[in-house]
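# Geometric and topological summary
Okay, here's what each chain looks like letter by letter:
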Amino acid sequence: MMLHIVNKSSLERNALESCLRVVQEGGAILLIEDAVYAATRGNAAENHLRDALSRFKVYALAPDLEARGMGDRVMAGVTTVDYGGFVDLVAEHKNCQSWL
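So, a few notes on the structure that sits alongside this text. Bear in mind the structure is a predicted one, so any value in this text is a computation, not a measurement. (Residues numbered from 1 in each chain as written. Predicted model: local features only at pLDDT ≥ 70, side-chain atom pairs only at ≥ 80, totals over all residues. Heavy atoms only, no water.)

## Quick look at the overall build of the protein chain
As a reminder, the rule being used: Only DSSP runs of H or I covering at least 4 residues are called helices, and only runs of E covering at least 2 are called strands; the numbering of each starts at the N terminus. Restricting the calculation to C-alpha atoms gives the radius of gyration, and the globule rule supplies 2.2 Å times the number of residues raised to the power 0.38. The classification of residues rests on relative accessible area computed with a 1.4 Å probe and restricted to protein chains. Under 20% of the type maximum is buried, over 50% is exposed, and intermediate values are partly exposed. Residues are treated as being in contact if the distance between any of their heavy atoms lies within 4.5 Å. We get accessible surface area from the Shrake-Rupley algorithm with a probe of 1.4 Å; when it comes to residues, only the shown protein chains can shield them. Asp and Glu count as negative and Lys and Arg as positive, but His and the ends of the chain are not part of the count. Note that the charge is assigned to NZ on lysines, CZ on arginines, CG on aspartates and CD on glutamates.
When helices and strands are counted, the protein chain shows four helices and five strands. The C-alpha atoms of the protein chain give 12 Å as radius of gyration, which agrees with the globular expectation for 100 residues (13 Å, within 12%). Within the protein chain, the proportion of its 100 residues that are buried is 45%. Counted over contacts in the protein chain with a minimum sequence separation of 6, partners at least 24 positions apart contribute 72%. Split by element, the accessible area of the protein chain, about 5,400 Å² in all, is 49% carbon and sulfur. Of the side-chain charges in the protein chain, 10 are positive and 13 negative, and the distance between the mean point of each set is 5 Å.

## Examining the environment of arginine 13
Summarising the element assignment, arginine 13 is placed in the loop between strand S1 (2-6) and helix H1 (15-22). If sequence neighbours within four positions are ignored, arginine 13 has contacts with Lys8 and Leu100.

## So, the packing of aromatic side chains
Any two aromatic rings considered together are summarised by their centre-to-centre distance and by the angle between their planes. What counts, and what does not: A pair of Phe, Tyr and Trp rings is counted when the ring centres sit within 6.5 Å of each other, with Trp represented by its six-membered ring. The angle between the planes then sorts it: under 30 degrees is stacked, over 60 is edge-to-face, the rest tilted. By the criterion adopted, a ring carries a charge over it if an Arg CZ or a Lys NZ lies within 6 Å of its centre and within 35 degrees of its normal.
This structure, assessed with the given rule, holds zero aromatic pairs. Seen from the ring of tyrosine 59, lysine 57 lies directly overhead, with NZ or CZ sitting 5.7 Å from the centre.

## Some details on the state of the cysteines
What counts here: To count as a disulfide, a pair of cysteine sulfur atoms needs to be within 2.5 Å.
This structure, assessed with the given rule, holds zero disulfides. Take cysteine 96: it sits in no disulfide, and the sulfur closest to it among the cysteines is that of cysteine 19, at 12 Å. The exposure class of cysteine 96 is partly exposed, given its relative accessible area of 37%.

## As for the pattern of salt bridges
For clarity, the threshold we go by: By definition, a salt bridge exists where a carboxyl oxygen of Asp or Glu is found within 4 Å of a side-chain nitrogen of Lys or Arg.
On inspection of all chains with the given rule, the structure shows four salt bridges. Across the pair arginine 21 and glutamate 17 runs a salt bridge, and its minimum N-O distance is 3.7 Å. With arginine 21 and glutamate 17 both in helix H1 and four residues apart, the pair spans about one turn of that helix. Taking the relative accessible area as the measure of exposure, arginine 21 reaches 49% and is therefore partly exposed. Aspartate 64 is paired through a salt bridge with arginine 68; the nearest N and O atoms lie 3.9 Å apart. Looking at arginine 68, the relative accessible area reads 24%, which means it is partly exposed.

## Side note on the sheet that holds S1
This is how the line gets drawn: Note: two strands are recorded as paired if DSSP finds a minimum of 2 bridges between them. Lines fitted to C-alpha atoms define the axes here, with helix axes fitted over just the stretch in contact, and angles between the N-to-C directions of these axes take values from 0 to 180 degrees.
Reading across from one edge, S4-S3-S2-S1-S5 is the order of the five strands in this open sheet, with parallel pairing throughout. Where the open sheet ends on each side, the last strands, each with one partner, are strand S4 (78-81) and strand S5 (95-99). The mean inter-strand angle of the sheet, taken between neighbouring strand axes irrespective of direction, is 25 degrees. Sheet topology places S1 next to S5; five bridges connect them, and they run parallel. Across the sheet, valine 6 pairs through a bridge with tryptophan 99, a residue of S5. Across the face of the sheet, helix H4 (residues 83-92) comes into contact with S1, strand S2 (28-31), strand S3 (57-61), S4 and S5 while running at roughly 110 degrees to S4.

The structure is reproduced here in structure tokens:
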């Protein structure tokens, strides 16, 4: 299983969209930096990410959510992780792919 790491906002780049389109199923997605906006209720990428929850386990980095004032807006089904959880996810997955 692969860990897909996305760090750009879906409003700035199409990294999340490309990841969801190319990777059909399996593995996990970790949203970090500005990509965490996609994990919040009411954002432009919410429907795409909600659909992805049936195919992937989706994580968002909690410190990045908090830094952007979005810690209380995480959509249902997205798991938040701290930095230790980030390290655990990398260690759990045989391969990691960063989407830039």
